Amino acid sequence: QVTLVESGGGSVQPGGSLRLSCTASGTIYDTYLMAWYRQAQGNERELVASISRNGSTNYGDSVKGRFTISRDNAKNTVYLQMISLKPEDTAVYFCYMGTQRRAWSSVVVNWGQGTQVTVSS
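These notes cover the structure that comes with them.

Rules and cut-offs
Residues numbered from 1 in each chain as written. Predicted model: local features only at pLDDT ≥ 70, side-chain atom pairs only at ≥ 80, totals over all residues. Heavy atoms only, no water. Pairing = 2+ DSSP bridges. Helix = DSSP H or I, 4+ residues; strand = E, 2+ residues; numbered from the N terminus. Axes fitted to C-alpha atoms, helices over the stretch in contact; angles between N-to-C directions. Contact = heavy atoms within 4.5 Å. Polar contact = N/O pair within 3.5 Å; in protein donor to acceptor, adjacent residues only side chain to side chain. Buried < 20%, exposed > 50% of the residue type's maximum accessible area, 1.4 Å probe, protein only. Disulfide = S-S within 2.5 Å. Phe/Tyr/Trp six-rings, centres within 6.5 Å; stacked < 30°, edge-to-face > 60°. Lys NZ or Arg CZ within 6 Å of the ring centre and 35° of its normal.

Let us now look at the sheet that holds strand E3 (residues 18-26). Either a parallel or an antiparallel arrangement is found when strands of a sheet pair, and the pairing is made through backbone hydrogen bonds. The strand order across the open sheet built from four strands is E1-E3-E8-E7, with neighbouring strands paired in antiparallel fashion. The open sheet has two free edges, formed respectively by strand E1 (2-7) and strand E7 (67-72), since each of these has just one partner strand. Between one strand axis and the next, the sheet turns through 15 degrees on average, direction left out of account. Note: E1 against E3, six bridges, orientation antiparallel. Counterpart to Ser7 in the pairing with E3 is Ser21.

Structure, rendered in structure tokens:
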């Protein structure tokens, strides 16, 4: 079983910055696609950013130029650096990680428990 633990959420004023981290623990042979999603109250969960094993990134239109996703494969960790935060960025942020338990195992999708980000003056 794999557990994802997120950290770095909190409250910040508009224009501020936060850095989210998500680390996987458990039996992990390899990691695959990593991503951050967010869900604002009353809205559906949406993709914020994703990063492939080789480092290719993809961003939601609303965060392009402000958020940066990165990963450390040796630490089974994905990061989300957020700058120029806006009130509309307020949401619960969830990390997503594909992991493989053994070399012959299927890739399993894992989700973190979510961390609250609040942007307000």
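Moving on from the model shown.
Further remarks concern the environment of Thr31. Take Thr31: it is sitting in strand E4 (residues 30-39). Sequence separation of Thr31 and Val107 is 76 residues, and the distance between their C-alpha atoms is 8.3 Å. Sequence-distant contacts of Thr31, that is, excluding residues within four places in its chain, are made with Arg53, Arg71, Asn73, Asn76, Met97, Gly98 and Thr99. Engagement of the side chain of Thr31 in a polar contact is seen with the side chain of Arg71, the distance being 3.1 Å.

The next subject is the pairing of strand E11 (residues 115-119). Within a regular strand, side chains alternate between the sheet's two faces. By the alternation rule, side chains of E11 split into Thr115, Val117 and Val119, which are all buried, and Gln116 and Thr118, of which none is buried. Note: strand E2 (residues 10-12) against E11, three bridges, orientation parallel. Bridge assignment links Ser11 to a residue of E11, and that residue is Thr118. Here strand E9 (residues 91-100) runs beside E11; their pairing, made up of three bridges, is antiparallel. Looking across to E11, one finds that Ala91 is bridged to Val117.

What follows is about the state of the cysteines. A complete count under the given rule lists one disulfide for this structure. At a sulfur-sulfur separation of 1.9 Å, the disulfide partner of Cys22 is Cys95. Of this pair, Cys22 sits in strand E3 while Cys95 sits in strand E9; the two residues are 73 residues apart in sequence, bridging distant segments of the chain. Here Cys22 matches Cys95 in class, with each residue buried.

Across all of its chains, the model carries three aromatic pairs by this definition. Aromatic side chains Tyr96 and Trp111 sit 5.2 Å apart centroid to centroid with 80 degrees between the ring planes, which places their arrangement in the edge-to-face category. Linking Tyr96 in strand E9 with Trp111 in strand E10 (residues 107-111), this pair joins segments that are 15 residues apart in sequence. Residue classification places Trp111 among the partly exposed residues on the basis of a relative accessible area of 37%. The aromatic ring of Tyr32 is capped on one face by Arg53, whose charged end is 4.6 Å from the ring centroid.

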